[in-house]
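Secondary and tertiary structure notes
So the chains spell out like this:
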Amino acid sequence: MPTRRNDRRSKPEYQVKIAKERINILMNEAMAAQKENPEMSKRYFILAKKIGMRYNVLIPGNKKRKFCKKCFSFLSEGWRFKGGQARVTCKNCGQSMRYPYKPFRSKKKNKRTEHR
Ligand SMILES: [Zn+2]
């Protein structure tokens, strides 16, 4: 039996589905717009975030990481990969973020992985 609280929190499945689609579209737009129109890109990302919050849908991690969590600008450069961690510093606001990072197909023993 779902409690009343759970009822209120979870949205109907069809709405969640639409929300996911919208987030996907918005994130694609945000990535496409970042070069020519960074302000629009920010706006798309914020919209995607808001939809995600309303419908309890997460933005896919690989896309979310491309944007600064403080000022929402696109993080095109400043990535450093070291010891299972990716670090990035936002060039707009200086916020630095860390993410766990698995070297891509690293079954061979690479002592240094400087690039992705
Ligand atoms: Zn920033």
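Since we're looking at a predicted model, the values are computed, not measured. (Residues numbered from 1 in each chain as written. Predicted model: local features only at pLDDT ≥ 70, side-chain atom pairs only at ≥ 80, totals over all residues.)

1. A few points about the overall build of the protein
Counting its secondary structure elements, the protein contains four helices and three strands. Sequence-ordered secondary structure for the protein, helices as α and strands as β, is α-α-α-α-β-β-β. The buried share among the 116 residues of the protein stands at 13%. Expressed as a percentage of contacts within the protein between residues at least 6 apart in sequence, the contacts between residues at least 24 apart total 40%. (Helix = DSSP H or I, 4+ residues; strand = E, 2+ residues; numbered from the N terminus. Buried ≥ 20, exposed ≤ 12 C-beta atoms within 10 Å, placed from the backbone. Contact = placed C-beta atoms within 7 Å.)

2. Focus on the sheet that holds strand β3 (residues 96-100)
Strand order in the open sheet formed by three strands is β1-β2-β3, and the pairing between neighbours is antiparallel. Sheet topology places β1 (79-82) and β3 at the edges, where each strand pairs with a single neighbour. For this sheet, the mean inter-axis angle between neighbouring strands, taken without regard to orientation, is 20°. (Pairing = 2+ DSSP bridges. Axes fitted to C-alpha atoms, helices over the stretch in contact; angles between N-to-C directions.)

3. A look at helix α3 (residues 38-55)
With 18 residues, α3 extends 26 Å between its outermost C-alpha atoms, agreeing within 8% with the 26 Å of an ideal straight helix rising 1.5 Å per residue. In this structure, the buried residues of α3 make contact with α2 (13-33). Immediately beyond the C-terminal end of α3, within one or two residues, lies N56, with a positive phi of roughly 60°. (Expected span 1.5 Å × (residues − 1).)

4. Focus on the pairing of strand β2 (residues 85-89)
Note that β1 and β2 share four bridges and pair antiparallel. Note on β2: the bridge partner recorded for K82 is Q85. Hairpin remark: β1 followed by β2, antiparallel, with two residues in the connecting loop; positive phi at G83, about 45°. Bridge count for β2 against β3 is five bridges, and the pairing is antiparallel. Opposite Q85, over in β3, you have P100 as the bridge partner. In this structure, the hairpin formed by β2 and β3 is closed by a connection of six residues, where G94 is found at a positive phi of approximately 80°.

5. Focus on the environment of K20
Along the chain, K20 falls in helix α2. Owing to 17 C-beta atoms within 10 Å, K20 belongs among the partly exposed residues under this scheme.

6. Considerations on the packing of α2 against α3
Running from N to C, α2 and α3 point in directions that differ by 165°, and their axes come no closer than 8 Å. As far as their axial angle goes, α3 and α2 are roughly antiparallel. The crossing of α2 and α3 is left-handed. Here α2 contributes Q15, V16, A19, R22, I23, L26, M27, E29, A30 and A33 to the contact with α3, which in turn contributes M40, S41, Y44, F45, L47, A48, I51, G52 and Y55. Considering only residue class, the contact of α2 with α3 consists of 14 nonpolar, three polar and two charged. (Parallel < 35°, antiparallel > 145°, perpendicular 65-115°, else oblique. Left-handed = near helix turned anticlockwise from the far one by under 90°. Nonpolar A, V, L, I, M, F, W, Y, C, P; charged D, E, K, R; others polar.)

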